[in-house]
Structures are given as C-alpha cells and as structure tokens.
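# A look at the structure
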Amino acid sequence: MSLGNIFDIAGSGMTAQSLRLNTTASNIANAETASSSTEGTYRARKPVFAAIQQSMINPDSQGMQGMGFGSDSGEGAGVRVDGIVESDAELQMRYEPNHPAANEDGYVFYPNVNVVEEMADMMSSSRSFQMNVDIMNTAKSMMQRILTLGQQ
C-alpha cells in the first residue's frame, strides 16, 4: 500500500465521518419537533457505509506485496456511503391536547430520536474523523522525510 493510497483511505474516512456528524446533528436538531400525524413526523436517519476493497481501487496493483505493504487478500481500502436510511423505531406519541400540533384526539407525535444515543454517535464520529486527520498528517510527514533523504 502506497502513501497515496493512505491519503485516499483517510480521505474517504473523513468524508464518511463528516456525513455521520451532519446526520447526527440533524437528528438532534429535530429531536423535539412535533407533528399531528405519523406521516409528517421526522424520523431518525443513519448513514450506511460499505468498505471499498483494494482491488476495486487499483486492480492492476501487484507492487509492494513482497514488502508487506499489500496483498490480494481483499483488504479494505476506504469507505463509501451507500445511502441514508430512516429508522423504523416507533415514534413517540404524547397526549398534549393543548399543543398547537395536537390531532383531533389530543395526541402529538415526536421523532424516534434518542438524544443520548445520538450524542454517543457524535463523539464516536468526531474521534474517528480526528483519527483520520492524524493518519493523513503522519503520511504527509513520512512523505516529507522521504523527499529530504535524497537531498543529503
């Protein structure tokens, strides 16, 4: 695996975690939005990720296998976003007859967002994003050191 591939892998991870952070922020922002029907109620959203296999990025890649940098074993070479799905968890139905969004029976529907779970997701995705930044910085530092070797 070359340093260029490391940038691709870390970059795809940063993109994925950025989307995860944005989705989580949207869920938290809409956690207390009320609606008079189940159809109009916000539903928690989660991104779906899939691993990108090394052979898909560079199918002709045979170099550096003998050096322990890669193999044809199908190791991951990044992540892609397959989509965003809505949670099918049950919505919260509360009896609030004086609420402006209450239906004819006095019930208001709230999203199926668990704020505690969303905060844990936010911390996890933030740390994953930072880890990918650290990987990119380390690879950049290694490339700079390689370039200085020829100058000595």
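Residues numbered from 1 in each chain as written. Predicted model: local features only at pLDDT ≥ 70, side-chain atom pairs only at ≥ 80, totals over all residues. Heavy atoms only, no water.

### A closer look at the confidence of the model for the protein chain
Which entries qualify depends on this criterion: pLDDT measures the predictor's confidence residue by residue and takes values from 0 up to 100. Only DSSP runs of H or I with at least four residues qualify as helices, and only runs of E with at least two residues qualify as strands; both kinds are numbered from the N terminus onward. Whether two residues touch is decided by their heavy atoms; if any such pair falls within 4.5 Å, the residues are in contact.
Averaged over the protein chain, the pLDDT score is 84; the fraction of residues at 70 or greater is 82%. Per-element confidence in the protein chain is highest for strand 4 (residues 107-110), whose mean pLDDT is 95, and lowest for helix 2 (residues 54-57), whose mean pLDDT is 54. Counting contacts from residues 62-72, a segment whose pLDDT is below 50, to residues more than four positions away or on other chains yields nine contacts.

### Structural notes on the packing of aromatic side chains
Spelled out, the test is: In this scheme Phe, Tyr and Trp rings, the latter by its six-membered ring, pair at centre separations within 6.5 Å, and the angle between planes marks the pair as stacked below 30 degrees, edge-to-face above 60, and tilted otherwise. Residue exposure (1.4 Å probe, protein chains only): buried if accessible area is under 20% of the type maximum, exposed if over 50%, otherwise partly exposed. By definition here, charges over rings are those cases where NZ of Lys or CZ of Arg is within 6 Å of the ring centre and within 35 degrees of the ring normal.
In the structure shown here, the tally under the stated rule is one aromatic pair. Arranged with centres 5.3 Å apart and planes meeting at 65°, the rings of Tyr-95 and Tyr-107 form a pair that is edge-to-face. With Tyr-95 in strand 3 (residues 92-95) and Tyr-107 in strand 4, this residue pair connects regions lying twelve residues apart in the sequence. By relative accessible area, which is 54% here, Tyr-95 ends up exposed. Of note, Arg-94 hangs over the ring of Tyr-110, and the distance from its end group to the ring centre comes to 3.9 Å.

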